[in-house]
Amino acid sequence: MREIYEDDKLVHSKKNLRYEECYAKVLLENLFPERYYNLEIEDRPDLIFYPKGIGIEVTDCTPKYEKEVLNLWLKIPRQRGKCKQRSLDRLRQLGYTYREGGIIWEAKVYSENLECSPLETVFDAVSKKIKKLNDRNYKMLNEYNLFIHSGLFIPDFLMGEFFNRLCDINQGDLIFNSIYLLTNQNTIIVFDMLQKSGYVKAFKEKQVTYSIKAKEIMERQSNE
């Protein structure tokens, strides 16, 4: 529980955590320790690095059925008997086998035309978030970044066009300085929107550890 002061009045606030926020917190702290540590899970934006006044909004543009896969994977460890078996059966119906540490997502098919590719869902998500940012729907901070759960990857032949589209969308009095795109290859593509550059950070060997840490954060917060 975090104590928040509004107009000199103490307000106790407890946010219902989402796995996506916890996972983003774990990834950012572990993959970018020189930039983030002790990220606070808040609301509008979802993560805040208070020492430097940096806010990170977390959004999810994975397809609906993939969200169901993730929800089942999160529930199964807490389930027993017939309830657990139903979840395992449903997971198999969706084409996945349960693994404690993580999920192997299926590959996506991409067209050479960006507008016909699954990546359009990312652009829609960024458009909505940049509008909210410029409508002043977030706490006033020094810097804003965006973390996107996509369940996708970006083929090399689309990378340049993809980045150009992000730059076209990321416009306004306020912008996202960095955009982090989590792919289904256990990599994060970091787009530096100020320097107009990008790079890839891989964490395949740590994916299981990070997933478990994120679930532990959720369980710990729910018991407080």
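Structure shown above.
Here is a short report on the structure shown in this document. (Residues numbered from 1 in each chain as written. Predicted model: local features only at pLDDT ≥ 70, side-chain atom pairs only at ≥ 80, totals over all residues. Heavy atoms only, no water.)

1. Overview of the overall build of the protein
When helices and strands are counted, the protein shows six helices and nine strands. Burial status across the protein gives 46% buried among its 224 residues. Here the protein has roughly 12,500 Å² of accessible surface; of this, 47% comes from carbon and sulfur atoms. (Helix = DSSP H or I, 4+ residues; strand = E, 2+ residues; numbered from the N terminus. Buried < 20%, exposed > 50% of the residue type's maximum accessible area, 1.4 Å probe, protein only. Areas by Shrake-Rupley, 256 points an atom, 1.4 Å probe, with all protein chains shown as cover.)

2. Considerations on the pattern of salt bridges
Taken as a whole and assessed by the stated rule, the structure comprises eight salt bridges. Salt-bridge contacts for Glu21 lead to Arg18; the nearest nitrogen and oxygen are separated by 3.0 Å. Its relative accessible area of 2% is what places Glu21 among the buried residues. Between Lys25 and Glu29 there is a salt bridge whose closest N-O contact spans 2.7 Å. With a gap of four residues between them, Lys25 and Glu29 both fall in helix α1 (residues 19-31), about one helical turn apart. Overall, Glu29 belongs to the partly exposed group, its relative accessible area being 21%. Counted as one network, the salt bridges with shared partners bring together Arg18, Glu20, Glu21 and Asp46. (Salt bridge = Lys/Arg side-chain N within 4 Å of Asp/Glu carboxyl O.)

3. Section: the side chain of His149
Tracing the backbone through its elements, the reader meets His149 in strand β6 (residues 143-152). A polar atom in the side chain of His149 sits 2.9 Å from the backbone oxygen of Glu20. Among residues more than four places away in sequence, those in contact with His149 are Glu20, Tyr23, Ala24, Val58, Thr59, Asp60, Cys61, Thr62 and Leu182. (Polar contact = N/O pair within 3.5 Å; in protein donor to acceptor, adjacent residues only side chain to side chain. Contact = heavy atoms within 4.5 Å.)

4. Section: the pairing of β6
Of all 10 residues in β6, 10 are buried, a share of seventy percent or more. Here strand β5 (residues 54-60) pairs with β6 via seven bridges, running parallel. Directly across from Val58, in β6, lies its bridge partner Phe147. Bridge analysis of β6 against strand β7 (residues 178-183) gives six bridges, and the strand direction is parallel. In the sheet register, Leu146 faces β7, and the bridge partner there is Ile179. Once the chain exits β6 it traverses helix α5 (residues 156-169) before rejoining the sheet at β7, and the crossover so formed is right-handed. (Pairing = 2+ DSSP bridges. Right-handed = clockwise from strand over helix to strand, strands pointing away.)

5. A word on the pairing of β5
Within β5, seven of the seven residues are buried, which leaves it mostly tucked inside the rest of the structure. Neither face of β5 is exposed, since Ile54, Ile56, Val58 and Asp60 on one face and Gly55, Glu57 and Thr59 on the opposite face are all buried. Here three bridges tie strand β4 (residues 47-49) to β5, and the two strands are oriented antiparallel to one another. Each bridged residue has a counterpart across the sheet, and for Leu47 the counterpart in β5 is Ile56. Where β4 hands over to β5, the hairpin turn is made up of four residues, of which Gly53 adopts a positive phi near 65 degrees.

6. As for unusual backbone geometry
Arg44 connects to Pro45 through a cis peptide bond whose omega is 0 degrees. Within the chain, Arg44 stands out as a residue other than glycine whose phi angle is a positive 55 degrees. Mapped onto the fold, Arg44 is located in the loop between β3 (40-41) and β4. Notably, Lys196 is not glycine yet its phi reads approximately 55 degrees, a positive angle. Following the sequence through the fold, Lys196 ends up in the loop between β8 (187-192) and β9 (197-202).

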